[in-house]
Amino acid sequence: MTTALSIRDLRKVYDNGFEALKGVSFDVQPGDFMALLGPNGAGKSTTLGIVSSLVNKSSGTVTVFGHDLDSDPMKVKTCLGVVPQEFNFNMFEKVEHILITQAGYYGIGAKDARQRAEFYLRKLGLWEKRDVTARMLSGGMKRRLMIARALMHEPRLLILDEPTAGVDIELRRSMWAFLQELNDAGTTIILTTHYLEEAESLCRNIAIIDHGNIVHNTSTRELLAQLNTETFLLDIQPGLSQLPALSGYTVRLENEHLLEVEVEKGQGLNDLFAQLQQQQISVSSMRNKANRLEELFVSLVEKNLAEKESA
Amino acid sequence: MKPQQLWVAFWTILYREVRRFTRIWAQTLLPPVITITLYYIIFGNLIGSRIGEMGGFGYMEYIVPGLIMMSVITNSYSNVVSSFYSSKFQHNVEELLVSPVPNWIILWGYVFGGVARGLIVGVMVTLLSLFFTDLQVHHLGITVLVVILTAMLFALGGFLNAIFAQSFDDVSIVPTFVLTPLTYLGGVFYSINLLPEFWQNVSLLNPILYMVNTFRYGILGVSDINIGFALTAVVVFIGLLTSWALHLLKTGKGLRS
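Because the structure is a prediction, the values reported are computed rather than measured.

1. Topic: the interface of chain B and chain A
Tallying the contact residues gives 22 residues for chain B and 25 residues for chain A. Those elements giving two or more residues to the side of chain B that touches chain A turn out to be helix 1 (3-23) and helix 5 (94-97) of chain B. The biggest single contributor to the side of chain B that touches chain A is helix 1 of chain B, with six residues.

Here you go:
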């Protein structure tokens, strides 16, 4: 099967000499939902900018559904939908006009464009705002407008560069549901995000980029399996003044009602609860201290940095 | 893209451009009409009546073609330079760059948007002139041809200006320091035959002189220059500027990092 996106030895040196990409290679399979993660300045946006034809590459190859970006850029562009990080629509245009105009750039006539615009505006909760100028929309609405715009030509590969930045939790979750629905319908999706919970919830595969190199590229499941410890926060009753003795676990008392427990991989929680019960301590609720992926991400990036410094 | 899709894409850009300048008509269509009305009243009527004849015509009659052409030039240029630079500034030019629209469609979409504004203002200014003078068209074909070609040429100039511009100051530098002086010295208000021989020869280096005079020939039948040469030169410059603009779009100058 043709890969949805294939990037080989992609390099980018900006005019000021900054080497943003140092030979990035990875594949995205059709139907995949992939996250491209990395700290600020790692090369995520440059990579996606090159794929989207907004940044000129220095060398390397990019193919989208078998079409080469150098020899067949128009076919590549037809396959792609792009949601950039920054708002990049005309703020003085009406919402519906923005969508119909975008469809026109793909050769879609006004009648079809109007129908598609209505479909996506309704789907993303913007139909009531169709006659409003874009600058009057809230930040979340603007984000949704950019997603609707990217979908007007029904792309096979959708690229989203931090699509939920600055969006409140409720809206973020509704956008996740929409993206999941799109992916289930067959659209391949690549997203960059700083909300690692987002990547963990949505993406089947994760590539981590740092200092212009891919430092990790695997499935989300395999990546999370690398976690050696997980930290849980337990709300306990009654309140404790001193640390309970829990053999086999590293524990810390955050406050008299909050116990922090570090659980090693494969250790399980049954024994922990048994020991707590023996000491007549009841647990009213439990949660992860930090996002699991976040812990792993930080450790991988720090490891990469340490390797670079020692080299 | 198929021909039908290319046509849709071209029409989309053109329609968007026309919608833009008609939406802000108070900034785009009204000012040239007011300015040219003042020219008609002050230079044409008040001062012109004391000047007498120019090139065998009343002064008002003589300056009308030049003023129409001046409006077409400035409006076709400023429409494209401001629209394309704003698209760069707001980053919504990226909507076009990520789409499969070929560069030549992007270029001609913007250029014809500029031509549309130039022609609309030109027609408004022409209709206005009928309140001040009887306008007889000596050669309709040349009149229409030269006004369209001139609008195209200056719309292309505006596009190139916008590509190189890095700030709103850069957008106004060429119109203020190049276009306006060349237009005023391009035979709008006088025949170069009135000038000493040295300044006549210097004036012949001014490209706007050729367009103003060709247009004046189309309306009045008089010209300071060779019409065939002028039309050929305009077509050649359109070809050169088109090639340059397409080259810059291909390399992504000012558009892609």
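From this point on, the discussion continues.
2. So, the sheet that holds strand 9 (residues 205-210) of chain A
Strands in a sheet are paired, the pairing made by backbone hydrogen bonds, and the direction either parallel or antiparallel. Residue and element names in this part refer to chain A. Taken in spatial order, the six strands make up an open sheet running 6-7-8-3-9-10, and their pairing is mixed. At either margin of the open sheet sits one strand with a lone partner, and together these are strand 6 (80-83) and strand 10 (213-219). Strand-to-strand twist of the sheet, defined as the mean angle between neighbouring strand axes without regard to direction, takes the value 15°. Pairing analysis gives six bridges linking strand 9 to strand 10, with the strands arranged antiparallel. Across the sheet, the residue bridging to N205 is S219, located in strand 10. Where helix 5 (residues 139-151) meets the sheet, it contacts strand 6 and strand 7 (157-161), and its direction lies at approximately 170° from that of strand 6.

3. Topic: unusual backbone geometry
Of all residues except glycine, most have a negative phi; of all peptide bonds, most are trans. Residue and element names in this part refer to chain A. A cis amide bond links Q237 with the next residue in sequence, P238, at an omega value of -10°. Tracing the backbone through its elements, the reader meets P238 in the loop between strand 11 (229-237) and strand 12 (250-255). One non-glycine residue, S53, lies in positive phi territory at about 70°. With respect to the element layout, S53 can be found in the loop between helix 1 (44-51) and strand 4 (59-64). Residue S53 is classed as buried on the basis of its 23 C-beta neighbours within 10 Å. The phi torsion at E154 lies on the positive side, around 50°, for a residue other than glycine. With respect to the element layout, E154 can be found in the loop between helix 5 and strand 7. On the neighbour-count criterion, E154 (14 C-beta atoms within 10 Å) is partly exposed.

4. A short note on the pairing of strand 6 of chain A
All names here are of chain A. The two faces of strand 6 match: L80 and V82 on one face and G81 and V83 on the other face are all buried. Bridge analysis of strand 6 against strand 7 gives four bridges, and the strand direction is parallel. Across the sheet, residue V82 finds its bridge partner in strand 7, namely I159.

5. Topic: the domain arrangement of chain A
Interfaces are frequently sized by the accessible area removed from exposure as the parts join. Parsing chain A into structural domains produces domain 1 (5-219) and domain 2 (226-292). Centre-to-centre, using C-alpha coordinates, domain 1 of chain A lies 41 Å away from domain 2 of chain A.

6. With respect to the environment of B:S83
Residues and elements named next belong to chain B. Looking at where S83 falls in the secondary structure, it is placed in helix 4 (residues 59-89). Here S83 falls in the buried class, since 22 other C-beta atoms lie within 10 Å of it. For the pair S83 and N226, spaced 143 residues apart in sequence, the C-alpha to C-alpha distance is 35 Å. In this structure S83 touches E17, R20, Y110 and G113, once residues within four positions along its chain are discounted.

Rules used in this analysis
Residues numbered from 1 in each chain as written. Chains lettered and ligands numbered in written order. Predicted model: local features only at pLDDT ≥ 70, side-chain atom pairs only at ≥ 80, totals over all residues. Contact = placed C-beta atoms within 7 Å. Helix = DSSP H or I, 4+ residues; strand = E, 2+ residues; numbered from the N terminus. Pairing = 2+ DSSP bridges. Axes fitted to C-alpha atoms, helices over the stretch in contact; angles between N-to-C directions. Buried ≥ 20, exposed ≤ 12 C-beta atoms within 10 Å, placed from the backbone. Domains from an automatic or database assignment.

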